Amino acid sequence: LTLVRDRFGVRPVHYALLEDGSLIFGSEAKALFASGEVAAEPDLVGLDEVFTLWGPRPPRTAFRGLNQVPPGGLVVWERGEIVAQRRWWTPERASAEAQPGDGLEELLRDSVRLRLRADVPVGTYLSGGLDSSLITALAQQETEGELRTFSVAFRDPQYDERAHQEEVARAIGTRHHVVEAGAAEIADAFPEVVRHAETPLVRTAPVPLYLLAREVRLAGITVIATGEGADELFWGYDLFKEVALRELNADDPERAAHLLDGLYPYLGHGGARRGPAWRRFLLETGSGDEVLGSHLTRVEATAGVKALYRPEVAEAIGAGTSLDRLRADVPPSFAGWSKLERAAWLEVTTLLEPYLLAAQGDRVAMAHGVEGRYPFLDDRVFAYAGGLPPERKLDGLRDKVALREVAADLLPSAIATRGKQPYRAPEVSPFFAPGAPEWVERALSPEALAETGIWDPRRVAGLLRRCRAGRATGVREGMALVGVLSTQLWHREFVGAPVGAYPVEATEPRVRIDRTGRRSTHLVKEVS
């Protein structure tokens, strides 16, 4: 039996090798648990990767003994043993696969055309940003009849982009649908989203997309095209600009500090401070020869979650385990790449599949039977982007240069030139605003925290006091709250018993799967 996964990990493939050599596999972990042949046990290192990198890195999952085929990977089982595991495709091979002569617009147009093939109508998500707007414009030109578009809007204006969404819908001429998400809707749907994600979360952002997919299905659409992948391919995230500014900081610190003030404008909301310490943090964290330097600011943002571990849990995991495993997995030539190229590889391998395509993509869409399709993740488009000169992706602080040139002829100028506004959702207010669900307090009670066995109730109590008082306005605190709360829900849904009831193999990288050392409470008599 050969299990193979697509290049970018758009679709999940889970598997477990049982003690008698039988292999059980399925799209979701829930399917394996429902079989009665696999027990749901927590993997502390897998959980730590969630709180370090936002998602567990394949083949690891949040469950002990349960693996996933890596993106671009294959697993071969034969006569009771896994005899081969390897990657048949990796991101660093993209440039070698480029097809000379193919222009970017032609590749994108053909990629969209391919992803419109269906026996049912295909719609698009429309965030109001460059990427989804470009996909929508191309889809409209390739669609016979009326294209239907779908957007998330927020009652809180600091998250809301509906004005840009409606501008694009009017300009292109689509039939537009809007789902408005508020604190109550996010809190009500959060437990269900954790159940479908099958992993703890550090953000509430998947929840509005879950609500949006529900609206898509109610509208009779079961296939949706979206803009994921463009920021990774064409260096659109502010993280890439951080890398560029750190290099500038070595020669011209005054100019670097001035330009930095233009990044993350949304952090000025909610009392967040943007003073000298903030500038030093972004300009100095990860500088030097650290191979993971581009991503240490993101790692630091989730450090508030890990500070809440019970001491024995932190000791079992080991300091730096998740980052050490990542350093060990970088390509042999990684140190010779530019810092921007390293950042791009890390984005694709640590954020795109484990979080964006999983928690915010496939899981919340397929919860309602909606299939997501991603034109930017066509392998030809990826190869084209990989072969572009760096300045065609990031020129100074102008991002996605080549993509914006294509968009200039297809979109309103205000959209084609619009800066990146990261998609976010409220993280503290849904669970502590008036009328918040009663289950929140129960899940975060000292008794419930102690029963789960992951979090130190005394440490969590300090965070909860700030949340109740309305003082938890920073990014770290919001992610810490979501991390703790989602873990409590995840543990109750899947595991049940306290963490201390299970053996801990915290520092053992699960790279090779064999027939020994894999605990299972059930055996099968036939090969599934």
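Keep in mind it's a predicted model, so treat the numbers as computed, not measured.

Definitions and limits used
Residues numbered from 1 in each chain as written. Predicted model: local features only at pLDDT ≥ 70, side-chain atom pairs only at ≥ 80, totals over all residues. Heavy atoms only, no water. Pairing = 2+ DSSP bridges. Helix = DSSP H or I, 4+ residues; strand = E, 2+ residues; numbered from the N terminus. Axes fitted to C-alpha atoms, helices over the stretch in contact; angles between N-to-C directions. Core = buried A, V, L, I, M, F, W, Y, C linked by side-chain atoms within 4.5 Å. Buried < 20%, exposed > 50% of the residue type's maximum accessible area, 1.4 Å probe, protein only. Contact = heavy atoms within 4.5 Å. Salt bridge = Lys/Arg side-chain N within 4 Å of Asp/Glu carboxyl O. pLDDT = per-residue confidence, 0-100.

**Quick notes on the sheet that holds strand 1 (residues 2–4)**
Each strand in a sheet pairs with its neighbour through backbone hydrogen bonds, running either in the same direction (parallel) or in the opposite one (antiparallel).
Next, step 1: One open sheet accounts for three strands, arranged 1-5-6; its pairing is antiparallel. Edge positions in the sheet fall to strand 1 and strand 6 (81–87), since each has one partner strand and no second. Recorded for the sheet is a direction-independent mean angle of 15 degrees between the axes of neighbouring strands.
Next, step 2: Relative to strand 5 (residues 73–78), strand 1 runs antiparallel, the two being bridged by three bridges. What sits directly across from Leu3, in strand 5, is Val75.

**A few points about the nonpolar core**
Next, step 1: Leu134, Phe190, Leu411 and Trp455 are the most contacted members of the largest nonpolar core, which totals 136 residues.
Next, step 2: Sort the elements by how many residues they give to this core and helix 16 (residues 339–366) lands first, with 12 residues.
Next, step 3: Once residues lying within four places of it in the same chain are set aside, the contact partners of Leu134 are Leu108, Phe376, Leu403, Val406, Ala407, Leu410 and Leu411.
Next, step 4: Counting residues in hydrophobic clusters, the runner-up holds 10 residues, among them Leu53, Leu292, Leu323 and Val330.

**Some details on the pattern of salt bridges**
Next, step 1: Applying the stated criterion across every chain yields a total of 47 salt bridges.
Next, step 2: Here Arg109 makes a salt bridge to Glu105, at a shortest N to O gap of 2.9 Å. Placement of the pair is Arg109 and Glu105 together in helix 3 (residues 104–115), with a separation of four residues, close to one helical turn.
Next, step 3: A salt bridge links Lys400 to Asp131; its shortest N-O distance comes to 3.0 Å. In this pair, Lys400 sits in the loop between strand 13 (398–399) and helix 18 (401–407) while Asp131 sits in helix 4 (residues 130–142), placing the two residues 269 residues apart along the sequence.
Next, step 4: Residue class for Asp131 comes out buried when judged on its relative accessible area of 7%.

**A short note on the confidence of the model for the protein**
Next, step 1: Per-residue confidence for the protein averages 90 on the pLDDT scale, and 91% of its residues sit at or above 70.
Next, step 2: Every residue in residues 505–528 is under pLDDT 50, and counting partners more than four places away or in other chains gives 74 contacts.

**Examining the sheet that holds strand 2 (residues 14–17)**
Next, step 1: Across the sheet, three strands lie side by side as 3-2-4; this open sheet has antiparallel pairing. In the strand order of this sheet, the two ends are held by strand 3 (23–26) and strand 4 (67–68), each with one partner.
Next, step 2: Sheet topology places strand 2 next to strand 3; four bridges connect them, and they run antiparallel. Note on strand 3: the bridge partner recorded for Leu17 is Leu23.

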